[in-house]
Amino acid sequence: MSSNVKKALVVAEHKEGQITPATLECVECARILAGSLENVQAVVLAKNAGAAAAQVAEFGVQVLGFSGESLEHYTGEAFRNAVLEAAETDDFAYIVLPHTSLGMDLGPALAAKWGASFISGAMEVKPEENTFIRPVFNGKFSQEIKPMADKVVVGALPGSFGQVEKASAPGEVTLKDYDKSPKGTLYVGAEETEGADLGLAQAQVVICAGRGMGSEENIELVEEAAALFSRSAVAGSRIACDMGWLPYKAQIGVTGQTVAPKFYMGCGVSGAFQHVVGMSGSQFVVSVNTDPQAPIFSISDYCIVEDAMEFLPAFVAAVKEE
Ligand SMILES: Cc1cc2nc3c(=O)[nH]c(=O)nc-3n(C[C@H](O)[C@H](O)[C@H](O)COP(=O)(O)OP(=O)(O)OC[C@H]3O[C@@H](n4cnc5c(N)ncnc54)[C@H](O)[C@@H]3O)c2cc1C
């Protein structure tokens, strides 16, 4: 193997025993960085890592699975120590992890301990130029970054890399017991957010409220629009949820839910990349925004430059008339 090959280690993310789509994008990002899947390995951390490790291996990468009580639930300290131990098993130049809640928390801690640069929210990588590109200012600009350190931890922005395809032969899986416990962190528990299941994942029509809706009272307009369609759901941007207008279960985006409905309508949503990665799989996108320069218009099929409080009642009336 040539000495300029730079190997990449992917930190696999899994929920309820299933590898997340963002992990498969990380494998693709790592493949680009390392030049070939042969130079990519993945690490799976779990109480019992076997099943999730086998899922990742189906994509043709070698997988190291650490199983241990301290890895049953995410804690920054335990996961950081376990990933660093995995990183010592070979001469890696990159650690790639998804730019999700996990990656945003774990990435900086890994980089600090590993002596690496940390590039968060990377949407493109150019290893031959040692350049990483990420969106800034809600996606209105992109920034090119050249890391100073030899090693780089990369947070791959979901929705940017495409998922790696299944391989004809699975990669090798090595499973190890991991019995180290974190010294300064104790996992106490997690509670699911209260509120009804909004059925966002199954919805074919999603009407999404953003800060531009102005107040909680105006969310009724969004609900009325959603009620026009069967298999529909109301969603919100993070700001709409932070304001308490909608429950957190309704949040779409990198720290919320991912939806791929047939029809998405954003009302007073600017189109920050953290939101867009959660809805970019929508088949038909309509956006209502008073600002003709709103970034969401660049990914919309129909751009309606209008006050949402004027548009929505007219929209509801028109659909009812049909
Ligand atoms: C680590 C991190 C994670 C994040 N995760 C998420 C996430 O998961 N999901 C998410 O959504 N965001 C997320 N964000 C926040 C994200 O960066 C944006 O701040 C957020 O998406 C903006 O929400 P918004 O579009 O509702 O509000 P704004 O960006 O304030 O946009 C409001 C829009 O409404 C328009 N408007 C104003 N008045 C009207 C009107 N009367 N009629 C029509 N349009 C009007 C404005 O022109 C503007 O474009 C995250 C941020 C960080 C830092």
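The model shown is predicted, which means the values in this text are computed figures rather than measured ones.

Colleague: Sorry if this is basic, but what is going on with the site of the ligand here?
Modeller: Looking at the ligand, there are 29 residues lining it, with Gly210, Gly212, Arg238, Gly253 and Ser270 nearest. Only helix H6 (238-242), helix H7 (273-276), strand E16 (284-289) and helix H8 (308-321) provide two or more residues apiece to the shell around the ligand. Of the residues forming the shell around the ligand, the biggest block, three residues, is contributed by H6. Residue composition of the shell around the ligand, grouped by class: 11 nonpolar, 14 polar and four charged.

Colleague: What's the story with the pairing of strand E1 (residues 7-11) in this structure? I'm lost.
Modeller: Two faces make up the sheet, and in a regular strand the side chains alternate between them. The buried fraction of E1 amounts to four of the five residues, a majority that puts the element mostly inside the structure. Relative to strand E6 (residues 92-98), E1 runs parallel, the two sharing four bridges. Counted as the bridge partner of Val10 is Val96 from E6. In this sheet, strand E4 (residues 40-46) lies alongside E1 in parallel orientation, the contact comprising four bridges. Of the residues in E4, the one forming a bridge with Leu9 is Gln41.

Colleague: Looking at this structure, how should I read the nonpolar core?
Modeller: As a rule of thumb, soluble globular proteins bury nonpolar side chains together. Core analysis: the biggest nonpolar cluster contains 101 residues, and Ile95 and Val96 have the highest contact counts within it. If one sorts the elements of this core by residue count, helix H1 (residues 21-34) sits on top with eight residues. Domain assignment of the residues forming this core places at least three in each of domain 1 (7-177) and domain 2 (205-321). Aside from chain neighbours lying at most four places away, what touches Ile95 is Leu9, Val11, Val83, Ala87, Leu110, Trp114 and Val153.

Colleague: Would you mind going over the packing of helix H3 (residues 76-87) against helix H4 (residues 101-114) with me for this structure?
Modeller: How two helices sit against one another is set out by the angle between their axes and by the gap between those axes. Contact geometry for H3 and H4: axes closest at 10 Å, N-to-C directions at 50°. The angle between H3 and H4 places the two elements in the oblique class. At the point where H3 passes H4, the crossing takes the right-handed sense. From H3, Gly76, Phe79, Arg80, Val83, Leu84 and Ala87 reach across to H4, where they touch Asp105, Leu106, Ala109, Leu110, Lys113 and Trp114. Its residues placed into classes, the contact of H3 with H4 shows eight nonpolar, one polar and three charged.

Colleague: Help me understand the sheet that holds strand E12 (residues 173-177), please; the structure alone is not making it clear to me.
Modeller: Sheet strands pair via backbone hydrogen bonds, and the direction of the pair is either parallel or antiparallel. Taking strand neighbours across the sheet as the criterion, the seven strands line up as E7-E11-E6-E1-E4-E5-E12 in an open arrangement whose pairing is parallel. Here the strands that pair on one side only, and so sit at the sheet edges, are strand E7 (117-122) and E12. Going across the sheet, the axis of each strand differs from the next one's by a mean of 20°, ignoring polarity. In the packing of H1 onto the sheet, contacts are made with E1, E4, E6 and strand E11 (152-156), and the angle to E6 comes to roughly 155°.

Colleague: Mind showing me how you'd approach H4 here?
Modeller: Because each turn of an α-helix spans 3.6 residues, side chains separated by three or four positions in sequence point in the same direction. Across its 14 residues, H4 extends 20 Å between first and last C-alpha, which sits within 8% of the 20 Å expected from 1.5 Å per residue. Residues of H4 that are buried include every one of Leu102, Gly103, Leu106, Gly107, Leu110, Ala111 and Trp114, and no others. On its buried face, H4 is in contact with E1, H3, E6, E7 and E11. Of the residues one or two after H4, Gly115 is the one with positive phi, at around 70°.

Rules used in this analysis
Residues numbered from 1 in each chain as written. Predicted model: local features only at pLDDT ≥ 70, side-chain atom pairs only at ≥ 80, totals over all residues. Near = placed C-beta within 6 Å. Helix = DSSP H or I, 4+ residues; strand = E, 2+ residues; numbered from the N terminus. Nonpolar A, V, L, I, M, F, W, Y, C, P; charged D, E, K, R; others polar. Buried ≥ 20, exposed ≤ 12 C-beta atoms within 10 Å, placed from the backbone. Pairing = 2+ DSSP bridges. Core = buried A, V, L, I, M, F, W, Y, C linked by C-beta atoms within 7 Å. Domains from an automatic or database assignment. Contact = placed C-beta atoms within 7 Å. Axes fitted to C-alpha atoms, helices over the stretch in contact; angles between N-to-C directions. Parallel < 35°, antiparallel > 145°, perpendicular 65-115°, else oblique. Left-handed = near helix turned anticlockwise from the far one by under 90°. Expected span 1.5 Å × (residues − 1).

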